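Summary of the model geometry
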Amino acid sequence: MCGIVSILSFEDDISKKLIGALERLEYRGYDSAGLAFIDKNSNLQRIRSVGKIEELRRRINKITIKSNIGIAHTRWATHGKVTEGNAHPHVSNGVAIVHNGIIENYQELKKKLLKENFEFESETDTEVIAALIAFHIKNGNNFEQAFKNTILELKGTFAIVAIYEKETNILLGAKKGSPMAIGFSEDERSYYIASDAIALSSLAKNIIYLEEGDIVKIEKQDKLNYTIFNSSIHMTKRNIIPNNVSLSDVSKNGYETFMLKEIFEEATIVRNIYNNFDYDINISDLDSISIIACGTSYYAGLLAKYWIEDIAQIHVDVEIASEFRYRNPVIFSNTLYIFISQSGETIDTLCAMRMVKELGRKTLALVNVETSSIAREADYMIKLFAGVEIGVASTKAFVVQALSLLLLCVKKQDFKIDFLEDLINSVLNNKYQLSHIAEKIKDSRSFFYIGRGINYPIALEGALKIKELSYVSAEGYPAGEIKHGPIAIIDENVYTIALAPFDKYFEKTISNTQEILARNGKIILITTEKARDHLHGLESSKNVYCVFIPDSDEPYTSFPLITVIHLLAYYTSKSKGYDVDKPRNLAKSVTVE
Ligand code: F6R
């Protein structure tokens, strides 16, 4: 959470590059943003604003910036409200810093610095870092040494970049727990430190991902140089790799929003993962599989549990990473531990994985970002091939997470990938019906998503998507469970989305929808064509609206259902006039606990 970008350059106006890169990082947080630079008279200048980056851009467009060193930040608030005063960069005595993460010992450090007469103007944990660097400079250290001393005193997680107005040719960065990359422009006239390669698409030809505890110094003399120090402050080398994130990966390609583009990619990326799936992982000898993840990735694990237990007859546990890592879980020897993460940076999933590794077990990660921390630290990795996902709500990644777990337990040559593509395409072609339904349901007081068996994890995913995009409460429930309490909520102001393809659970789920109708609830029934003859008049009830998808059996049916619930959440949010790509209070990459 929070996005960082910084530059040291031979060019004169670095602000446009910083703002462009910051906009590509907006998915990491967008409640406020800011930029600091050192002008030609060696004065530190700072501009900050509350709200999305376009507001910062507006302010910057009104002034002329002549500078070749700067840092910028887009915030997702942790400590301190969303105000201009809490927005980064934070400044102390000519030092400016941007930070992603949480400083756990900031209170203690602040007390010490207050005694030294340092002043604080924000409610953040971050400001203490700028003051601590300034404190070490005051005690006779140069900027580099003061920065290193500071980093060694910080507890918590961070990616930090700092500049100092009295040493204008040095940019310093440090990474512990939060991602950070160095980027090099093709002409070698600009070097960058940023949160990820997405920020640096079109700016950096090559990049280096820093490792845990690394500190980087970028220096400008007659040319630009960089030095990396490891956590023991010894000089070290890290691999330089090409930055293969292109501008088209991070553009909407004609779609109105990233989220819509990404839902439409669900039909094509299933082939990417299918074509590239040649992993030699034999699960048949395992006693069990344990899947650990957060949010939507966790639901992909839950979905796969049904397939793996059904097809491969292997017991599967699925756990939420933030719970798993803080209990004392029993770790089995013949269990495969799978960690799922789109971003590969979710801190709870990463720490849960580290815990399992420390206990001596091998780990398999399913990740979309192959250069991410989880991808790099796992013993084995399955790349998801979903392409860059920018919309904050995960959609296409969920589809390929589920499919790759399915491919672990079916024979690839027997899998009907063409058929799967057609099924998803048929839902995409039906988008107008779903946008029409969204108009009907948008004022619902709350939502229930119900399903039985394998449809239940999809109900959970549907409820999460509509909740995060439309800001109303929504619950996913096993259809058979609603009469054990939740049905009390049902009245004429509540819509239930019933996931009931014509499968072995169909009749039972239909009975549950009848129970809801009997209490004046309203139903959107998502079912398959075959069910038409078995609805017993349900479809003509004024409180029922049916969506029919083409017939198929498991494991195929789940996929078009997923696309339906993604489109429904998308259009509901759109019809309420919300920002679907950047829903309020959220950030895509959850790098804090
Ligand atoms: C919901 C959503 C989140 C993420 C969760 C895990 O739409 O996107 O629930 O799924 O934050 O993120 P990753 O998969 O990056 O670990």
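Look up: the structure comes first, before these words.
Read on for an overview of the structure. In every chain, residue numbers begin from 1 and rise along the written sequence. In keeping with the model being predicted, local features are shown solely for residues with a pLDDT of at least 70 and side-chain atom pairs are shown and tallied solely at 80 or more, while totals for entire chains, interfaces and linings include all residues. Hydrogens and water are ignored here; the side-chain numbers use all heavy atoms of the structure.

Quick notes on the pattern of salt bridges
Salt bridges are identified by distance alone: a Lys or Arg side-chain nitrogen within 4 Å of an Asp or Glu carboxyl oxygen. As enumerated under the stated definition, the model contains 35 salt bridges in all. Here R59 makes a salt bridge to E55, at a shortest N to O gap of 3.5 Å. Residue R59 and its partner E55 are located together in helix α2 (residues 53-61), separated by four residues, close to a single helical turn. On the accessibility criterion, R59 (31% relative accessible area) is partly exposed. Helix and strand assignments come from DSSP, with helices taken as H or I runs of at least 4 residues and strands as E runs of at least 2, each series counted from the N terminus. Throughout, exposure labels follow a simple rule: accessible area from a 1.4 Å probe, protein chains only, divided by the maximum for the residue type, with under 20% read as buried, over 50% as exposed, and the rest as partly exposed.

Thoughts on the environment of S92
Structurally, the position occupied by S92 is in strand β5 (residues 90-92). Put simply, S92 and F118 are 26 residues apart on the chain and 8.3 Å apart in space, counted from C-alpha to C-alpha. Not counting chain neighbours up to four residues away, the residues in contact with S92 comprise F118, A130, A131 and A134. For this analysis, a polar contact is any N or O atom pair within 3.5 Å, provided that within protein one partner can donate a hydrogen and the other can accept it, and provided that sequence-adjacent residues contribute only side-chain to side-chain pairs. At 3.0 Å, the side chain of S92 and the side chain of N93 are in polar contact. Whether two residues are in contact is decided by their heavy atoms: any pair within 4.5 Å suffices.

A look at unusual backbone geometry
Cis peptide bonds are those with omega within 30 degrees of zero, and the linkage from H88 to P89 qualifies with 0 degrees. By secondary structure assignment, the location of P89 is in the loop between β4 (69-75) and β5. E554 connects to P555 through a cis peptide bond whose omega is 10 degrees. Turning to its location among the elements, P555 is positioned in the loop between β25 (544-549) and α17 (558-575). Despite not being glycine, Q313 shows a phi value in the positive range, around 55 degrees. Assignment of secondary structure puts Q313 in the loop between α8 (295-312) and β17 (315-320). In the Ramachandran plot, H536 falls in the positive-phi region, its phi being about 50 degrees despite a non-glycine side chain. Counting through the fold element by element, H536 comes out in the loop between β24 (522-528) and β25.

A short note on empty space enclosed by the protein
Residues are said to line a cavity or pocket when one of their atoms sits within 4 Å of a point; the points come from a 1 Å grid over protein atoms alone, cavities being sets where a 1.4 Å probe fits but cannot get out and pockets being open sets with protein on both sides within 12 Å along at least five of seven lines. Grid points are joined across faces, edges and corners, and a volume is the space filled by probe spheres set on the points. The tally for this structure, following the rule as stated, stands at one cavity of 30 Å³ or more. Space inside the largest cavity adds up to approximately 80 Å³. Taken together, C2, R75, W76, A77, T78, H79, H88, H99, G101, T124, D125 and T126 make up the lining of the largest cavity. Three classes are used: nonpolar for Ala, Val, Leu, Ile, Met, Phe, Trp, Tyr, Cys and Pro, charged for Asp, Glu, Lys and Arg, and polar for all others, with Gly counted as polar. Its residues placed into classes, the lining of the largest cavity shows three nonpolar, seven polar and two charged.

Here's the deal with helix α4 (residues 127-138)
Taking 1.5 Å per residue, twelve residues should reach 16 Å; α4 reaches 17 Å between its end C-alpha atoms and fits that length. With eleven of twelve residues buried, α4 is to be regarded as a mostly interior element. The secondary structure elements touched by the buried residues of α4 are β5, β6 (95-103), α3 (106-115), α5 (143-153) and β7 (156-164). A positive backbone phi angle near 100 degrees is found at G140, which sits one or two residues after α4. Any helix carries an expected span of 1.5 Å times its number of residues minus one.

Section: the site of the ligand
Neighbouring the ligand are 15 residues; S297, S341, S343, T346 and E468 lie closest to it. Residue S297 places a side-chain N or O atom 2.5 Å away from an oxygen atom belonging to the ligand. Between an oxygen atom of the ligand and a side-chain N or O atom of K465, the distance comes to 3.0 Å. Bound to the protein, the ligand loses 90% of the 400 Å² it would expose on its own. Elements represented by at least two residues in the shell around the ligand include exactly α8 and α15 (455-470). Of the residues contributing to the shell around the ligand, the split by class is five nonpolar, eight polar and two charged. The nearness test applies per residue and asks whether one of its heavy atoms lies within 4 Å of the molecule or strand. Residue-level accessible areas treat just the shown protein chains as cover; the underlying method is Shrake-Rupley with a 1.4 Å probe.

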